[in-house]
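Structure at a glance
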Amino acid sequence: MKTVSGLPPHAIVVGCSAGGLSALHQLLGAFAGPLPVPMVVVCHSGSEDMRVFCELLASRSGLSVVEAEERQQPEPHHIYVAPSGYHLLMERNGRFALSVDPRVAFSRPSIDVLFESAAEVWGEHLIAVLLTGANSDGAEGCARVRRCGGTLIVQDPETAQVPVMPAAALELAGADHCLPLPEISFLLEALCS
């Protein structure tokens, strides 16, 4: 299976907010093993120490989960989490950039910032996933992903712990797939196989 464009994915970006830690545990824990593409995550966790957040996700999933670093090149089989207090962007050369620019939708890191920059870099080779959350951050980024030809997966709001974020994305951008959380893991594995 391939992305909506018929092209293999080069990366996956994931955004979540309220209820996000639990959703990420379920998403990552359902994978049979590491995915053959990098996954980049923005979660409004409220935690100042994202290393502990990464350790929690890694211990529950058995996957390599690390905090993203400035100028780092994302690698397949790894999951990168945006550090607290910084926007995480993708540069044209495919490396991470960190920014302390103003908050977007009251958030830093912002899902919109990651999704929009990733869409510009990976275009039709990008898969974006938006999960549970309590604000509209991510909706604009989802729209940009779709305009750039990427594949958008949104958690069914009726199955989200907090439905505001996925509902806002669906209203603004629609989705290529709107699924309950357990089905998203299986779809990602299929799209990456």
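Here, the structure is the one placed above.
Residues numbered from 1 in each chain as written. Predicted model: local features only at pLDDT ≥ 70, side-chain atom pairs only at ≥ 80, totals over all residues. Heavy atoms only, no water.

1. Structural notes on the sheet that holds strand β2 (residues 39-43)
Picture the strands of a sheet paired through backbone hydrogen bonds; they go either parallel or antiparallel. Convention followed: By this definition, two strands are paired if DSSP reports at least two bridges between them. Secondary structure elements follow DSSP: runs of H or I of four or more residues count as helices, runs of E of two or more count as strands, with numbering from the N terminus. To get an axis, fit a line to the C-alpha atoms, keeping to the stretch in contact for a helix; angles then go from 0 to 180 degrees between the N-to-C directions. Pairs of residues are marked as contacts when any of their non-hydrogen atoms sit within 4.5 Å.
In spatial order, the strands read β3-β4-β2-β1-β7-β8-β9; together these seven strands make up an open sheet with parallel pairing. Unpaired on one side and paired on the other, β3 (64-67) and β9 (177-179) mark the two borders of the sheet. When the angles between neighbouring strand axes are averaged without regard to direction, this sheet yields 20°. Bridge count for strand β7 (residues 126-130) against strand β8 (residues 151-155) is four bridges, and the pairing is parallel. Counterpart to Leu130 in the pairing with β8 is Val154. Helix-sheet contacts for helix α2 (residues 50-61) involve β2, β3 and β4 (78-81), and the interaxial angle to β3 is about 175°.

2. Re the packing of helix α1 (residues 20-29) against α2
Heads up, the rule is: For a crossing to be left-handed, the near helix must be turned anticlockwise from the far one by less than a right angle; the clockwise case is right-handed. Amino acids outside the nonpolar list (Ala, Val, Leu, Ile, Met, Phe, Trp, Tyr, Cys, Pro) and the charged list (Asp, Glu, Lys, Arg) are all regarded as polar, and Gly is one of them.
Following both chains from N to C, one finds α1 and α2 inclined at 35°, their axes separated by 9 Å at the closest point. Crossing hand, α1 versus α2: right-handed. On α2, the residues touching Leu21, Leu24, His25, Leu28 and Gly29 of α1 are Phe53, Leu56, Leu57, Arg60 and Ser61. Split by residue class, the contact of α1 with α2 holds six nonpolar, three polar and one charged.

3. Concerning the side chain of Asp137
Operational definition: In this scheme, a residue with accessible area under 20% of its type's maximum is buried, one over 50% is exposed, and one in between is partly exposed, where area comes from a 1.4 Å probe on protein chains only. Charged residues are defined narrowly, with Lys and Arg counted positive, Asp and Glu counted negative, and His plus the chain ends left uncounted. Salt bridges are defined by distance alone: a side-chain nitrogen of Lys or Arg within 4 Å of a carboxyl oxygen of Asp or Glu. The term polar contact refers here to a pair of N or O atoms within 3.5 Å; inside protein, the definition further demands a hydrogen-donor-capable atom paired with an acceptor-capable atom, and it admits residues adjacent in sequence only when both atoms are side-chain atoms.
Among the structural elements, Asp137 can be located in the loop between β7 and α4 (139-147). No salt bridge is formed by the buried Asp137; the nearest opposite charge belongs to Arg103, separated by 9.4 Å. Within the structure, the side chain of Asp137 is placed 3.0 Å from the side chain of Ser110, a separation counted as a polar contact. In terms of polar contacts, Asp137 uses its side chain to reach the backbone amide nitrogen of Ile111, at 2.7 Å. If we ignore the near neighbours within four places in the chain, the residues touching Asp137 are His44, Val104, Ala105, Ser107, Pro109, Ser110, Ile111, Asp112, Leu130 and Met165.

4. Points about the environment of Ala175
Residue position: Ala175 is located in the loop between α5 (164-173) and β9. Look at Ala175 and you get partly exposed, because its relative accessible area is 26%. Residues Ala175 and Cys192, spaced 17 residues apart in sequence, show a C-alpha to C-alpha distance of 18 Å. Setting aside residues up to four positions removed in sequence, Ala175 forms contacts with Arg146, Leu152, Val154 and Leu170.

5. Concerning the environment of Phe106
Here Phe106 lies in the loop between β6 (96-99) and α3 (111-122). Judged by its relative accessible area of 78%, Phe106 is exposed. With 31 residues separating them in the primary sequence, Phe106 and Glu75 have C-alpha atoms 30 Å apart.

6. So, α2
Defined as follows: The span you would expect from a helix comes to 1.5 Å times its residue count less one. Starting at the helix axis, one direction is taken to each C-beta atom, and the arc is that of these directions.
Given a rise of 1.5 Å per residue, twelve residues ought to cover 16 Å, and the 16 Å separating the end C-alpha atoms of α2 matches this to within 8%. When we look at burial in α2, the residues that qualify are Met50, Phe53, Cys54, Leu57 and Ser61. Projected down its long axis, α2 shows its buried positions confined to an angular sector of 100°, all on one face. With respect to the buried face of α2, the exposed residues turned more than 90 degrees away are Arg51, Glu55 and Ser59. Elements that come into contact with the buried residues of α2 comprise α1, β2, β3 and β4.

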